[in-house]
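Below, each chain spelled out in residue letters.
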There are 2 protein chains.
Amino acid sequence: MSGRRSIAVSLKIKHDGISILGPGKIDLLERIDRLGSISAAARDMGMSYRRAWLLVSHLKESFGKPVVETSHGGKSGGGARLTPLGAKILDLYRVMEDKARQATTAEVAELERLLADN
Amino acid sequence: MSGRRSIAVSLKIKHDGISILGPGKIDLLERIDRLGSISAAARDMGMSYRRAWLLVSHLKESFGKPVVETSHGGKSGGGARLTPLGAKILDLYRVMEDKARQATTAEVAELERLLADN
C-alpha cells in the first residue's frame, strides 16, 4: 500500500529511554524467519554476522527471553528460526506500522506536497 | 499522555529511501523555535554546533527551501527562528506522532506486557 508512495514511515520504539525496536531489527527478524539462518539474513541485509548476532542478542536482553532459536547439525546442517516471542514481536511491530501509516495518510500527502514544491 | 508509559513510539520518515525526518531533527527544530538560536539548541541537546548546522542544512536540501532563518547583529546579537516551512514541518511531524501513538495503544500495551514478563 505504501509502495507507491515516495514517503515511507517507520517506527522507532524505546523502552525506558533505550531503543528496543526499529526497522533494522525488524527487517532482520523477518529475514531470519524467511531464510532460516542468521548468517543468510545478515548477508541479505549487507550486514556482518557479528552485527546481526548482536541485534538478536539485544532483543533477548530487552525481552528477557530468546527471540531466535538455533539448531546445530542434523540433515540441514543447522539453522535458526523465530521463537514464539520473536514471531509475536515481529507481528506486533508490523501491525503497529500498518496502523501508524493508515493514521497519518493526510500528513504524508501534505509532506509529499511540500517536497514536490522544491 | 505517553509520559506515564515506559514505551515511547517515534517516527522515522524516509523520502525515496533517504531519511528526511526523525526525532533528532524534530527535537532540534523544536529547540531552535524555543531558544531562538542554533547554538543554544545544539548545546541543549548535547550536540555540536556543526552537527546541528548539518541537520538544518539537510532539511533545507530535502525540502528545497530553508527551514531556519538567521539574523546577525542588532540589539539581540543575532539569532535563529523557524521559517513558515520549518514550523509547518515541525507541526506536521508532531501531529503524525500523536496520531501514530493513538493508533497503536493496544500494541504498546501488549509490548509492555511482553517486557514485564521478563
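Coordinates for the structure precede this section.
Once a new chain begins, its residue numbering starts again from 1 and follows that chain's sequence as written. Here chains are named by letter from A upward and ligands by number from 1 upward, in the order in which they appear as written. Reporting in this predicted model follows two pLDDT cut-offs: at least 70 for local features of residues, and 80 or more for side-chain atom pairs to be given and counted; totals over whole chains, interfaces and linings ignore these cut-offs and use all residues. Water and hydrogen atoms play no part in the side-chain values, which are based on all heavy atoms of the structure.

Colleague: Quick one: what's the story with the overall build of chain A, residue by residue and with numbers?
Modeller: Going along the chain from the N terminus, every DSSP run of H or I of four or more residues is numbered as a helix, and every run of E of two or more is numbered as a strand. When its secondary structure is counted, chain A shows 5 helices and 4 strands. Along its sequence from the N terminus, chain A presents helices and strands in the succession β-β-α-α-α-β-β-α-α. With 118 residues in all, chain A has 41% of them scored as buried. In chain A, 50% of the contacts between residues at least 6 apart in sequence involve partners at least 24 apart. Relative accessibility thresholds used throughout: buried, under 20% of the residue-type maximum; exposed, over 50%; partly exposed, between the two (1.4 Å probe, protein chains only). Contact definition: two residues touch when any of their heavy atoms are within 4.5 Å.

Colleague: If you had to explain the interface of chain A and chain B to someone new, which residues and values would you point to?
Modeller: Size of an interface: often given as the accessible area lost when the parts come together. Every contact between the two is made by 36 residues of chain A and, on the other side, 36 residues of chain B. Buried area adds together the accessible area that both of two parts lose upon being put together, with accessible area traced by a 1.4 Å probe. Between chain A and chain B the total buried area reaches about 3100 Å² when both faces are included, carbon and sulfur atoms providing 70% of it. The salt bridge definition used is simple: a Lys or Arg side-chain nitrogen within 4 Å of an Asp or Glu carboxyl oxygen. Inspection of the region where chain A meets chain B yields 4 salt bridges. In this structure, Lys 99 of chain A engages Glu 107 of chain B in a salt bridge whose closest nitrogen and oxygen atoms are separated by 2.7 Å. In the analysis that follows, any N or O atom pair within 3.5 Å is treated as a polar contact, provided that within protein one partner can donate a hydrogen and the other can accept it, and provided that, for residues neighboring in sequence, both atoms belong to side chains. Taken together, chain A and chain B are joined by 10 residue pairs in polar contact (both at pLDDT 80 or more).

Colleague: How would you explain the pairing of strand S2 (residues 18-21) of chain A if you had to name every residue and give the values?
Modeller: Residues and elements named next belong to chain A. Two strands pair when backbone bridges link them, and strand S1 (residues 7-15) and S2 are joined in this way by 3 bridges, in the antiparallel orientation. Its bridge partner being in S2, Lys 14 is matched across the sheet by Ser 19. Taken together, S1 and the strand that follows it, S2, pair antiparallel across an intervening segment of 2 residues, in which Asp 16 is found at a positive phi of about 50 degrees. Paired strands, as defined in this entry, are two strands with at least two bridges between them according to DSSP.

Colleague: I'd like a description of the relation of the copies chain A and chain B, backed by residues and values.
Modeller: Least-squares fitting of one copy onto the other uses the C-alpha atoms of those residues that reach a pLDDT of at least 70 in both copies. Superposition of chain A onto chain B requires a rotation of 180 degrees combined with a translation of 0.0 Å along the rotation axis, giving an RMSD of 0.0 Å. Taken together, the turn and the small shift mark the pair as related by a two-fold rotation axis. In this assembly the copies share their binding face: 100% of the residues contributing to the interface of chain A also contribute to that of chain B.

Colleague: Before we move on, can you summarise unusual backbone geometry with the specific residues and values?
Modeller: When glycine is set aside, most residues are seen to have a negative phi, and most peptide bonds are trans. All names here are of chain A. Positive phi outside glycine occurs at Asp 16, with the angle close to 50 degrees. Relative to the assigned elements, Asp 16 resides in the loop between S1 and S2. Asp 16 gets classed as exposed once you look at its relative accessible area, which sits at 56%.

Colleague: Would you mind going over helix H3 (residues 49-63) of chain A in detail, with residue names and values included?
Modeller: To estimate the expected span of a helix, subtract one from its residue number and multiply by 1.5 Å. In this model, H3 of chain A (15 residues) spans 21 Å end to end at C-alpha, consistent with the 21 Å of a helix rising 1.5 Å per residue. Buried residues of H3 of chain A: Ala 52, Leu 55, Val 56, Ser 57, Leu 59, Ser 62 and Phe 63 of chain A, and no others. Of the surrounding secondary structure, the elements contacted by the buried residues of H3 of chain A are S2, helix H1 (23-35), helix H2 (38-45), strand S3 (68-71) and helix H4 (84-103) of chain A together with helix H5 (105-116) of chain B. Positive phi shows up at Gly 64 of chain A, right after H3 of chain A, with a value of about 80 degrees.

Colleague: How would you sum up the pattern of salt bridges? Please name residues and give values.
Modeller: All names here are of chain A. Taken as a whole and assessed by the stated rule, the structure comprises 20 salt bridges over all chains. Two residues, Asp 44 and Arg 31, come together in a salt bridge whose shortest N-O distance is 2.8 Å. Of this pair, Asp 44 sits in helix H2 while Arg 31 sits in helix H1, placing them 13 residues apart in sequence. We classify Arg 31 as buried; its relative accessible area is 19%.

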